[in-house]
Amino acid sequence: MMTKRASLIQIIIFILLLSGCKSEEKSVVTEILLINTSNIELSEKAVVIERAKIFEAENEKYPVLTSASDTIPSQLTDLDWDGEWDELFFLANFSAEERKTFELHWVDEEPQYTTRTSVRFGKRESVDEPVTPATEETLTATDMPKNLGFQKYQTDGPTWENDKVGFRHYLDGRNSKDIFGKTSANISPETVGVNDTGAVEDNYHTMEDWGRDIFPVGNSVGLGGFALLVDNEVQRLGITVDDTLSNIEETTFRILEEGPLKSIMKFEYNNWDAADNTYNAEEVTTIWAGMYGFKNTVSVSGMQNDEVLLIGLSNINIEKPLQEVEVGDFVALILHDYQTYEREWALGTALLIPKADYNGYIEAPEEGKVTSSYLVKTKRENGNPISYYAIAAGEMAPDGGFEDAETFRNYVEDLARQLSATVEVVINSSENE
């Protein structure tokens, strides 16, 4: 008869044997194959991989991409702001028709990469308060500088930049888009637009180590701003600098993302009163590293059948003709001249409009709320978004060389081809013992 002690020993041995039979914990290895389907070389091509396509994406860990033992900088994007990332974004170089393989690993701490994009926004509620950083804003039709008696915003509104060029949006009711000509790949100082006491100060129209504001905007919509054509009259989104009351009941702004490779902002214009009609408009502005420009996605609801969404390109200080070129999936509208303040530096500006959305262009009238602009007519219908690109590069640019019109045109055309190119993503996941 088996004793209790012998029985206990057998149970222990059985448990140990069972434990020894368990296989070692398996780890998931994700291999990502990228295929350049075009016959051109791609430089820092933006690649997006949806979270849903990644096998066993881990909530509490961070993905790291490697290729031939090199770490590829990447960034996670939370599209719906639910606290869980939705996309993996990175940049990759390809030769023509090249196939590249990456491995995806998971780490406990978020990797840190070199900062190549930025959004800056500062505001104050009274003239006696210092400017403080902010990530969002809501302003009403009466919150205009001429009505308030002071400028609320650092640099008149948010600025965004990458390692090539910078821009700013006049959130103070004008809703034009301006250009910062950068001389360095470094991100510009946080003090641009404020003084030592934190007060709003125009200190960016003189040349500094980082660069300066170089682009005259006036009553144009700047580079990539938008308007409406209603009954053959151009309707401005907002006001000019001398107005005290906006035609937009409420404007909201929010920084959606600020990261080392990509930054995103969102603007909403609620109850825009124009030509006895009311509209709602939205734009999402995205900049990523390595490109002399930004992507803008715009939609307007409330449009009637014969009304036209216009995309603007300032032509202040322009003495040379506009070039209209079809390349890749886009129509490129290109200007190159000494179109800076006092015609001091050569600057190229351009719009890349999808061919399917392009319907020619007009010139803004000499008088009115929108002047000094070429205005692209789009085919977008009510509420349907259009995505386009605004490009700027001058002789002071970090890479140099853009004082020549042919160099700038070649850059714009090459960029259009690169943006048109498709990179196929194939994901294979396997379990390693």
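Above this text is the structure in question.
Let me begin by describing the structure that accompanies this report. Sequence order as written defines residue numbering, which begins from 1 separately in each chain. Restriction of local features to residues with pLDDT of at least 70 applies here, the model being predicted, together with a cutoff of 80 or more for giving and counting side-chain atom pairs; totals for whole chains, interfaces and linings are based on all residues. Calculation of side-chain values draws on the structure's entire complement of heavy atoms; hydrogens and water are dropped beforehand.

The helix count covers DSSP runs of H or I at least four residues long, the strand count covers runs of E at least two residues long, and both are numbered beginning at the N terminus. For the protein chain, the helix and strand inventory stands at three helices and 29 strands. Overall, the C-alpha framework of the protein chain stretches about 110 × 55 × 50 Å when taken along its three principal axes. For every residue, the accessible area obtained with a 1.4 Å probe (protein chains only) is divided by the maximum for its type, and the residue is called buried under 20%, exposed over 50%, and partly exposed between those limits. In the protein chain, which comprises 433 residues, the proportion classed as buried is 51%. Expressed as a percentage of contacts within the protein chain between residues at least 6 apart in sequence, the contacts between residues at least 24 apart total 67%. Here the Shrake-Rupley method, with its probe set to 1.4 Å, supplies the accessible areas, and only the displayed protein chains count as covering residues. Summed over all atoms, the accessible surface of the protein chain reaches about 20500 Å², with 44% contributed by carbon and sulfur. Separation of charge centres in the protein chain, based on 36 positive and 77 negative side chains, amounts to 4 Å. Contacts are assigned to residue pairs with any non-hydrogen atoms lying within 4.5 Å of each other. We count Lys and Arg on the positive side and Asp and Glu on the negative side, and we leave His and both chain ends out. Throughout, a charge is located at the NZ atom of Lys, the CZ atom of Arg, the CG atom of Asp or the CD atom of Glu.

The subject of this paragraph is the pairing of strand β16 (residues 223-230). Counting buried residues in β16 gives eight out of eight residues, a clear majority hidden from the surface. Here, strands pair whenever DSSP counts at least two bridges between them. Across five bridges, the pairing between β16 and strand β22 (residues 308-314) is antiparallel. Across the sheet, L223 pairs through a bridge with L313, a residue of β22. Looking at chain direction, β16 and strand β17 (residues 233-236) are connected through four bridges and run antiparallel. Its bridge partner being in β17, L229 is matched across the sheet by V234. Here β16 hands over to β17 after two residues, with D231 in that stretch at a positive phi of 50 degrees.

With that out of the way, let us pick up the sheet that holds strand β5 (residues 74-77). Taken together, three strands build an open sheet; the order of strands is β2-β6-β5 and the sheet is antiparallel. Both outer strands of the open sheet, β2 (42-50) and β5, are each paired with one neighbouring strand and no more. Between one strand axis and the next, the sheet turns by 30 degrees as a mean value, whatever way the strands run. The axes are straight lines fitted to the C-alpha atoms, using for helices just the contacting stretch, and the angles between their N-to-C directions are given from 0 to 180°.

Here V119 lies in strand β8 (residues 117-120). If we ignore the near neighbours within four places in the chain, the residues touching V119 are T159, W160, I255, E257, E258, S263 and M265.

Ordered in space as β8-β12-β13-β14-β15, the five strands form an open sheet in which the pairing is antiparallel. Because the sheet does not close on itself, it has two edges, and the strands there are β8 and β15 (211-213). Within this sheet the neighbouring strands show an average axis-to-axis angle of 15 degrees, counted without direction. Across four bridges, the pairing between β8 and strand β12 (residues 159-162) is antiparallel. By the bridge assignment for β12, S118 is matched with E161.

Within this model, the largest pocket holds a volume of roughly 1100 Å³. Of the residues forming the lining of the largest pocket, the biggest block, six residues, is contributed by β2. Each residue is assigned to one of three groups, with Ala, Val, Leu, Ile, Met, Phe, Trp, Tyr, Cys and Pro labelled nonpolar, Asp, Glu, Lys and Arg labelled charged, and all others, Gly among them, labelled polar. For the lining of the largest pocket, the per-class residue count stands at 19 nonpolar, 10 polar and 11 charged. Grid points spaced at 1 Å over the protein atoms alone were grouped into cavities, where a 1.4 Å probe fits but cannot get out, and pockets, open sets with protein on both sides within 12 Å along at least five of seven lines, with lining residues defined by an atom within 4 Å of a point. Grid points are joined across faces, edges and corners, and a volume is the space filled by probe spheres set on the points. Its boundaries defined by the atoms lining it, the second largest pocket holds a volume of some 360 Å³.

The next point concerns the side chain of T66. Structurally, T66 is set in strand β3 (residues 62-67). Filtering out sequence-adjacent residues up to four positions away, T66 remains in contact with T71, I72, F102, E103 and H105.

Time to look at the packing of aromatic side chains. Here the aromatic set is Phe, Tyr and Trp, taking the six-membered ring for Trp, and pairing holds for ring centres within 6.5 Å; pairs whose planes are under 30 degrees apart are stacked, those over 60 apart are edge-to-face, and all others are tilted. According to the stated counting rule, one finds 22 aromatic pairs in the structure shown. Centroid distance F121 to Y153: 5.5 Å. Interplanar angle 40 degrees. Geometry classified as tilted. Pair noted here: F121 is in the loop between β8 and β9 (122-123) and Y153 is in the loop between α2 (145-148) and β12, with a separation of 32 residues, a long-range link. Per residue, the accessibility class of F121 equals that of Y153, and both read buried. Here the aromatic rings of F402 and F408 are separated by 6.4 Å at their centres, their planes lie at 80 degrees, and the arrangement is edge-to-face. Across the ring face of F94, the terminal group of K100 is positioned such that the distance to the ring centre comes to 5.6 Å. Charges are assigned to positions over rings by a cutoff of 6 Å between ring centre and Lys NZ or Arg CZ, combined with an angular limit of 35 degrees from the ring normal. Above the plane of the ring of W81 lies R254, whose end atom (NZ or CZ) is 3.6 Å from the centre.

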